[in-house]
Each structure stands twice: as C-alpha cells, then as structure tokens.
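Inside the fold
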Amino acid sequence: MTQPLFEPFDFEKPIYTIQEKIEELMRISEETGVDFQSEIDKLSARAEAFRMNVYKNLQPKEKVQIARHPQRPSAIEVIRQLSPQTWFELHGDRAGQDDQAVVGGIIEFLDRPVMVVGTQKGRGMKENLVHNFGMPNPEGYRKAMRLFSHANKFGMPIVTLIDTPGAYPGIAAEQHGIGIAIAHNIREMARLRVPIVSIVLGEGCSGGALGIGVANEIYMLEHALYTVISPEGCASILWRSPEYAAQAAESLKITAQDLFAFEMIEGIIPEPLGGAHYDPQMTIESVRSSLLSSLTTLTQLSPEELVEQRYQKFRKIGAFEESVLTR
Amino acid sequence: MPLGHWFASKRNNKASLNPESVNQKLTDGDFERLWIQCYNCSERFPKKDIQENRMVCSACGYHFRINSWERIHQITDSFEELNASLRPKDPLNFTDTAPYAERIEKTEAKTNLKEAVITGIGKISDTKFALAVMDFSYMGGSMGSVVGEKITRLIETALEENLSLIIFSSSGGARMQEGTYSLMQMVKTGAALAKLHEAGLLYISVLTEPTFGGVTASYGTLGDIIIAEEGARIGFAGRRVIEQTIRQKLPADFQTANYLLKYGQVDMVVQRQQLKESLYRLIQLHQKSLTLAGPVSSRQL
Ligand SMILES: [Zn+2]
C-alpha cells in the first residue's frame, strides 16, 4: 500500500509518516528475522487512532481543501453511475451558446425519467478549460433554465448537482447579464411544479450556486461547503488579505454540519473516511440512497404543494430582532 | 462671479488644491456645513443650492449619492413606514477585524438607521405603491436577514393590497457577516417576486449608485421595468475581481448605467430630476392597461 493514492494534504502527512515507520519496521523484521510485531501493532493502533482523530475533527479550512479535491466525484460521474443505461445529454441555451460549465440531460432513476443539471469543473487543465472550472456564464444559467422548463412541461423531477466556485467574473458575463440570469433562475425555479432536489457535491459558492439551487430539499456531501462568498474573497474584503482565508472559512460557517444546524439543508450525505476522493463509487451510492428517499417523498406531493413547500423552506430563513410594539 | 467660484478662488489662494488638502479642508467647520464640492467637476456650491437641486451638480449634472430618507422625500408626496423595528442579529457570532455585533451598534449610531433598507407605502398624488429604498451608508447597503425580510414582507403587502412595487437598490451585495443567512435572502426575495409576477402586479426596479453582487442577482434585476439612475454603476462581480480574473484593464465606462443600457440590461437611464414623474407615469400606464384588459388570470404568465 505504501504510496498514498493522492498527494496528501498537509494535515494528512503525519498519518503517512507513521505508516512509513511501520513499513520500515516490517522490512527490517523480514531482513533480520527479529520479531517487531508488538511494536508494529502499537504503531498501527497509534496510526489508526491518529487517522480517526484527524478525519473526525476536520477544520473548515481542511474541508475546503477536500471539497476542492480534483478527484472528487463530479456531476457527470454521478450521472453515469446513477443511470448507467440512460443519459441523454441536452445542450445549449438556444440563443447562441452551449456553456459547458453547466451540464444536463435526462436520466432514468426510480423507474422514471429525471432531469439532471449540474455544474462541472472538469479534471485536468484541458477539461478545466472546456468547463471553465465550473464557473457558468449567463448562457449556462439560461441553458439550465431551459432544461428546467422542459422538465416542468413533461413532469420530470429535477436533480441539480452543485460544484462551483461561483459564476464567472468576466466582461462578457456582465454584458450578457450574469446577475439577471441568476435572478431569473431563482424566480422561475420557485415557480416550477415538479420536485427539485439539490445536492452540493463540492463547492456551493454564492449566487453562482443558487442559480441552480432553489430546491424542495437540499443535501450536502459530508465535506462539501455552501457559502455566500469564497473564504479567499471574504478574507480579501474583510481582513484585506487572502491570507486570512482559514479564519474566514471558520467564521462564515460554511460546512454541511453548519447548514444542517441552521436548518437550511435537509441532510448530510456521508463520505468515506478522508473524503469522497478515497472512494468516489461508494460516495455516489450514498448520493443514490439520499436521492431515493427524497424523491420518493417529494413525488407524493401535488404541484401546488411542491411550490408552497419550496416557498416556505426559504421564506423562514433569516435571523433578526423585532419589537412587537412598533410595527 | 457665482458665489461658488468666488469661494473656490479664495481658497485657491490659500493653499494648493491637491486632493488631500481639499479633503482636509472639507472636513473643517463652516465649509463642511455650508458648502459642497462636486466630485466630478470640482465646482463648489452652497449646500442649500445642491439640496434644492435634488443633490445633482448644477454645473455638470453629477448625481451625488443620497440617503434613503432623502430619496423617499424626493420621489413621494407622502410615505408611511412599515416594519421599522426590525434590527439585525448576529447569527454566526461573526468577528473579522471587529465583531459584527459591534459594527451593528456603531453603524446604527452613525447613520441613525436600523438597517440598510426602509420599506413602506408611498404615495404620489393619489396613487399608492409599495416602496423600498436601500441605504448605502448602512454597511455598504449590504443585504442580510433584515433586508431580505423587509423586502419580502413588502412584496407580501403589495400582494395583499394589490399595489405596484418600486425598489430602489444601492448595495455592495450580500452581507458576509451573516454568511448563508444573507445568501438565502436572494431566494427568499426572488421567490416572493415570483408570486408578485404571477399576480400580474407591476414591479419597477430602480438601480442606483452602486448596485452589485447578491442584490443584482436577485430582486435588483427582477423588475418588469428596470431603470438605472444616471451615473449609477451596476454589476454582479466587482471591477477589481474581474480585472484580477481576466488580467486586463476594463474600459472606463464598464458597468455604468449607460454601458448597461447599451448591452440591453436595463430599460432606461433616468436623471434624478425626472425619476418621480417617470415612476408615476409608468404606474399610471400599467394600471390603466390592467383595468382595460381585466384580471391577469385570463392571461397565462
Ligand atoms: Zn459637477
């Protein structure tokens, strides 16, 4: 096993250091015939305890690293594993563009057609460029909205898979109304008469995530994050230096556990120890079971109930003081 | 010689007019209280003259930033405030270089405002409408839970009372100190506007200097009619973020009201002097049409 599967994060390195020691002892034991078994057992126990301790107590800044891991399961991988037989990818905004930061199409799930729309970062520079690192332009949100409307017309439940550092900050994006595109999606998603489930796979950053995020139920992978602004962006503005990103990640309360505590999401989807990238297939099976129960419940609701439930879900979010005496 | 020129030349003799020394002088006593200098053309005027001109420079037409009450005064004949007691909380116990709770106290003391938006029922002549006016002086007009809640309640009031809605936006975006609570206000307000849309009620969004981020990507751009006030800068991402991302300089007029008009993002750019009249006439025209056409339920939205 010796080699780590991935370049370890700094916080993981002590785990591998202990493992290297164990392997060295085993090698010496083999070469010299001296029995080090009790030392090896002790070290192994220590290694395991340490590993558990690190992974069970991940700090927000460490979760940010895991949420951005390039080997994390992507929207397209989730789609392919959920529905290996059926995947009709649909393209384009019908106004001149097919923004690949947003992917979508029809799958079969729970014995029924389901519309899946997700943001896709791509893996490796070539794919990153095709998918613009998962940062949609206005055309991407309009493409998403076209697929949502299609789903609405044919009564297909909608699943959105969120993994984006945010909408793209560019000249053309502003000229073509990136703000309007997101705002329009928010308003129109609120009106859709089919079930909508959102799953945050990695990063759910700012309005860029909300553009496909107005759902009846939201689930987050265990180490995914949902935030009003990237920790780096927040640090640059409030602390005037991106070096405070770790502190910002902590202060902004962006983890799945935070959002669950705030009652903004319906559930947390477990990841293998160390993060989804250690076992993407198992992670996607966990996604499957969450989706199964969520869609089974939501498909019982009438279109009116779905719209109302979605409205109330977001209507109640807010923390403020109000004196009852003066209105 | 106009009084302003006289004053300017008098000061000119005293000290060189580099921007810093101007700032220094602007902060001292009488000048600060009675005089104002245009940021654009550097002309100086008695403050009273500019106030009477709706805070627009009479030399170059520059629109000074105005606060929410001044705005309400300018565009209504009367106004009744709603939900005035809502104040922010600190749900994340947030601290950056200073605790959020402390910032709230200080901002309230400095601005005499309880939050970054004032909402209520406005009237021009005998026409009533629901009105929200954001105030940039309260934490950069940032949108947190209170802004989201007050806007949403106002939309609900418009629905109940069958009123047109006008929102004046001025905001740096979502309030980071409230984290995802702020973010989700975009959905809360957007979903409420979905109901207003289905009810066939008119919503006019007026974007004023400056409107960015979460407000641009929610209620700010969901108007049936979108007006940009002359001189406003409007966008989703900030200029600096875009420059850092694309590593090139942006044109000087990028994200200005007229730039947005050119790219089809707003319906019109309106001078402050014409705003009240424009809003009144737009409401009148749409109400007339609704009266003639009958209830909206007969037309699918
Ligand atoms: Zn001027």
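Only a predicted model underlies this, so the values are computations on that prediction, with no experimental measurement involved.

1. So, the coordination of the zinc ion
Residues and elements named next belong to chain B. Protein ligation of the zinc ion involves Cys38 (SG), Cys41 (SG), Cys57 (SG) and Cys60 (SG), the donor distances falling in the range 2.2 to 2.3 Å. Its four donor atoms give the zinc ion angles of 106 to 114° at the centre, a pattern that matches the tetrahedral case. Going along the chain, you hit the donors of the zinc ion in the pattern C-x2-C-x15-C-x2-C. Here the residue Cys38 occupies a position in the loop between strand 1 (35-37) and strand 2 (44-46), and Cys57 occupies one in the loop between helix 4 (47-52) and helix 5 (68-75), the gap between them amounting to 19 residues. The residues Cys38 and Cys57 share a single accessibility class, namely buried.

2. Examining the domain arrangement of chain A
One widely used convention gives an interface's size as the accessible area the parts lose upon coming together. Residues and elements named next belong to chain A. Structurally, chain A comprises domain 1 (10-57) and domain 2 (64-315). Placing a centre on the C-alpha atoms of domain 1 and another on those of domain 2 gives a separation of 39 Å. In this assembly, seven residues from domain 1 lie in contact with five residues from domain 2. Carbon and sulfur atoms supply 61% of the area buried between domain 1 and domain 2, which totals about 550 Å² over both sides. The tally of links from domain 1 across to domain 2 stands at zero salt bridges. In this assembly, domain 1 and domain 2 are joined by three residue pairs in polar contact (both at pLDDT 80 or more).

3. So, the environment of Ser74(A)
Residues and elements named next belong to chain A. Inspection of the secondary structure assignment puts Ser74 in the loop between helix 3 (60-67) and helix 4 (75-82). Sequence separation of Ser74 and Thr86 is twelve residues, and the distance between their C-alpha atoms is 18 Å. Polar contacts involving the side chain of Ser74 include one to the side chain of Gln120, which spans 3.2 Å.

4. Some thoughts on the interface of chain B and chain A
The partner chain A presents 50 residues to the 63 residues of chain B that form the contact. Taking both sides of the interface into account, the surface hidden between chain B and chain A amounts to around 5,200 Å²; carbon and sulfur atoms contribute 65%. Among the residues chain B hides against chain A, the three largest losses belong to Met176(B), Met184(B) and Phe236(B). Together they make up 13% of the total. Here chain B and chain A share six salt bridges between them. Here Glu321(A) makes a salt bridge to Arg87(B), at a shortest N to O gap of 3.3 Å. Joining chain B to chain A, the criterion identifies 18 residue pairs in polar contact (both at pLDDT 80 or more). Of all the elements in the fold, those that place two or more residues in the side of chain B that touches chain A are strand 4 (87-88), helix 7 (145-161), helix 8 (179-198) and helix 10 (239-246) of chain B. Here the side of chain B that touches chain A gets 18 residues from one element, more than from any other, and that element is helix 8 of chain B. Grouping the amino acids of the side of chain B that touches chain A by side-chain chemistry returns 32 nonpolar, 21 polar and ten charged. Pairing of strand 9 (residues 320-321) of chain A with strand 4 of chain B, which is carried by two bridges, proceeds in the antiparallel orientation. Among the inter-strand pairings, Glu321(A) is bridged to a residue of strand 4 of chain B, identified as Arg87(B).

5. Structural notes on unusual backbone geometry
A cis geometry characterises the amide bond from Glu209(B) onward to Pro210(B), with omega recorded as -20°. Positive phi outside glycine occurs at Arg94(A), with the angle close to 65°. Inspection of the secondary structure puts Arg94(A) in the loop between strand 1 (87-89) and strand 2 (102-109). Residue class for Arg94(A) comes out exposed when judged on its relative accessible area of 61%. Notably, Phe133(A) is not glycine yet its phi reads approximately 55°, a positive angle. Among the structural elements, Phe133(A) can be located in the loop between helix 5 (125-130) and helix 6 (138-154). Among the residues examined, Phe133(A) registers a relative accessible area of 33% and is labelled partly exposed.

Criteria and cut-off values
- Residues numbered from 1 in each chain as written.
- Chains lettered and ligands numbered in written order.
- Predicted model: local features only at pLDDT ≥ 70, side-chain atom pairs only at ≥ 80, totals over all residues.
- Heavy atoms only, no water.
- Donors = N, O, S within 2.8 Å, 3.2 Å for Na, K, Ca; no water.
- Tetrahedral: all angles 85-135°; square planar, octahedral: opposite > 155°, others 65-115°.
- Helix = DSSP H or I, 4+ residues; strand = E, 2+ residues; numbered from the N terminus.
- Buried < 20%, exposed > 50% of the residue type's maximum accessible area, 1.4 Å probe, protein only.
- Domains from an automatic or database assignment.
- Contact = heavy atoms within 4.5 Å.
- Buried area = accessible area lost by both parts, 1.4 Å probe.
- Salt bridge = Lys/Arg side-chain N within 4 Å of Asp/Glu carboxyl O.
- Polar contact = N/O pair within 3.5 Å; in protein donor to acceptor, adjacent residues only side chain to side chain.
- Nonpolar A, V, L, I, M, F, W, Y, C, P; charged D, E, K, R; others polar.
- Pairing = 2+ DSSP bridges.

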